[in-house]
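# Close look at the chain arrangement
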Amino acid sequence: MDDLFADAAGQLLQDQCTPRQVRAVEAGGSPAGLWRHLHEAGFADALTPEAQGGAGLGLAQVFGVWNLCGAHALPVPLAETMVARALLALAGVERPPGSIALAEGALQADGALHCAAVGMGRVADAVLVAHGGGWQLLGAARAASQAAAFCLDASLCWSAAEVAAAPKLPIALPAGLDLRTLQACIAAAQLAGALMNVFNRTLQYANERNQFGRPIGKFQAIQHQLAVMSEHVFAARMAAQLGCASQSVYPDRLRVAAAKARCSAAALAVAEAGHAIHGAIGFTEEYDLQLYTRRLHAWRQAAGSEAYWHDVAGAALVDGHEGCTLDLLRAATDIDC
């Protein structure tokens, strides 16, 4: 089922999410057409329970789709919308038709709500915000927006009147789970896809680019860089898949910690090696490589970098476990869900 789901997503993204279309959205073009195709194909409700009109899948079944979102540099928050719509459905809340970003917010003294660097905040229709007062669903167009480091992200601020008009939502996450963990789970899966794309592009370039009468991929120094890249890429993919090893919308926090830490660490190494092998052309705006390496750097920081999640994993090992550390590692990596 999950392979068929990912295959369908791959065919749609291959047709509708080309580098040219990604550039158009990044330049300010509307993502409405792309989102319509995704929504009509039923991907937005993949995690929504069947009783509420969804496919009733778990994270393990949608990992392949999230991986492809990263591999294709999808410029709309599909993965975030899947999670948001599932949370809304489980809470018995009506789901809006558009795309939904996820964000942690801070209530201001005057009653306004501020969200810093909302992932895909510039292109989302709505934002599901968790803050000290609970959860609220707010229209993105109603917020004051400021540009963030990544071109599709935005810092959003809603007025006190907008916050007061939006009802509090009865969303409750399992004990030990928070919104950042859900966001990190998504980011790890998308990082894994983008990492694989950068590696494949770099491998192809090394086999096609000739220097001194032969492909540069024949030189030992380049082969060593490619070997290191492949180690990072495939380790990150396995870690990200482990982070999504759940039959529901709720991941295991320790697994997500390992996944996000490994994928974020790989992002730096793979982006560096990819650009080094491509040389000067890899840094040009016209060349597609930068569409993916920019996302590697953005998603590396999203929902916490490797340093943050190493601390989470370390705290679980030191503070939250009695007995042999090996037993904890075995339990955390057991993917029989």
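Details of the structure are given in the entry above.
Residues numbered from 1 in each chain as written. Predicted model: local features only at pLDDT ≥ 70, side-chain atom pairs only at ≥ 80, totals over all residues. Heavy atoms only, no water.

## Focus on the environment of Ala267
You can see Ala267 is positioned in helix H9 (residues 253–278). Taking C-alpha positions, Ala267 is 22 Å from Cys17, a pair spaced 250 residues apart along the chain. When residues no more than four places from it in sequence are discounted, the contact partners of Ala267 are Leu191, Leu195, Leu296 and Arg300. (Helix = DSSP H or I, 4+ residues; strand = E, 2+ residues; numbered from the N terminus. Contact = heavy atoms within 4.5 Å.)

## With respect to the sheet that holds strand E2 (residues 106–107)
What the 4 strands build is an open sheet, ordered E2-E3-E7-E6; its pairing is antiparallel. Strands at the two margins of the open sheet, each flanked by one partner only, are E2 and strand E6 (144–147). When E2 meets strand E3 (residues 113–118), the two strands line up antiparallel, connected through 2 bridges. Counterpart to Ala106 in the pairing with E3 is His114. (Pairing = 2+ DSSP bridges.)

## Quick look at unusual backbone geometry
Leaving glycine aside, a negative phi is the common case for residues, and trans is the common case for peptide bonds. Positioned with a positive phi, Ala73 is a non-glycine residue whose angle comes to about 55 degrees. Here Ala73 lies in the loop between helix H4 (59–71) and helix H5 (78–90). Here Ala73 falls in the buried class, since its relative accessible area comes to 0%. We note that Ala303 has phi near 60 degrees; this positive angle belongs to a residue other than glycine. (Buried < 20%, exposed > 50% of the residue type's maximum accessible area, 1.4 Å probe, protein only.)

## Considerations on helix H11 (residues 306–318)
The end-to-end C-alpha distance of H11, which contains 13 residues, comes to 18 Å, matching closely the 18 Å that a straight helix rising 1.5 Å per residue would cover. Regarding H11, the residues found buried are Glu306, Trp309, Val312 and Ala313. Buried residues along H11 cover an arc of 125 degrees about the axis, so they all sit on one side. What points out from H11, more than 90 degrees from its buried face, is the exposed set Asp311 and Val318. Contacts made by the buried residues of H11 are with helix H7 (179–208), H9 and helix H10 (289–301). (Expected span 1.5 Å × (residues − 1). Arc of directions from axis to C-beta.)

## Looking at the sheet that holds strand E4 (residues 126–131)
Reading across the sheet, the 3 strands line up as E1-E4-E5 and stay open at both edges, with mixed pairing between neighbours. The open sheet is flanked by strand E1 (100–104) and strand E5 (134–139), the only strands paired with a single partner. Looking at each pair of strands side by side, their axes are set apart by 20 degrees on average, direction ignored. Direction of pairing for E1 relative to E4: parallel, over a ladder of 5 bridges. Bridge pairing links Ile100 to Ala126 in E4. The strands that H5 touches are E1, E4 and E5; relative to E1, the one it contacts most, it runs at about 80 degrees. In the packing of H7 onto the sheet, contacts are made with E1, E4 and E5, and the angle to E1 comes to roughly 130 degrees. (Axes fitted to C-alpha atoms, helices over the stretch in contact; angles between N-to-C directions.)

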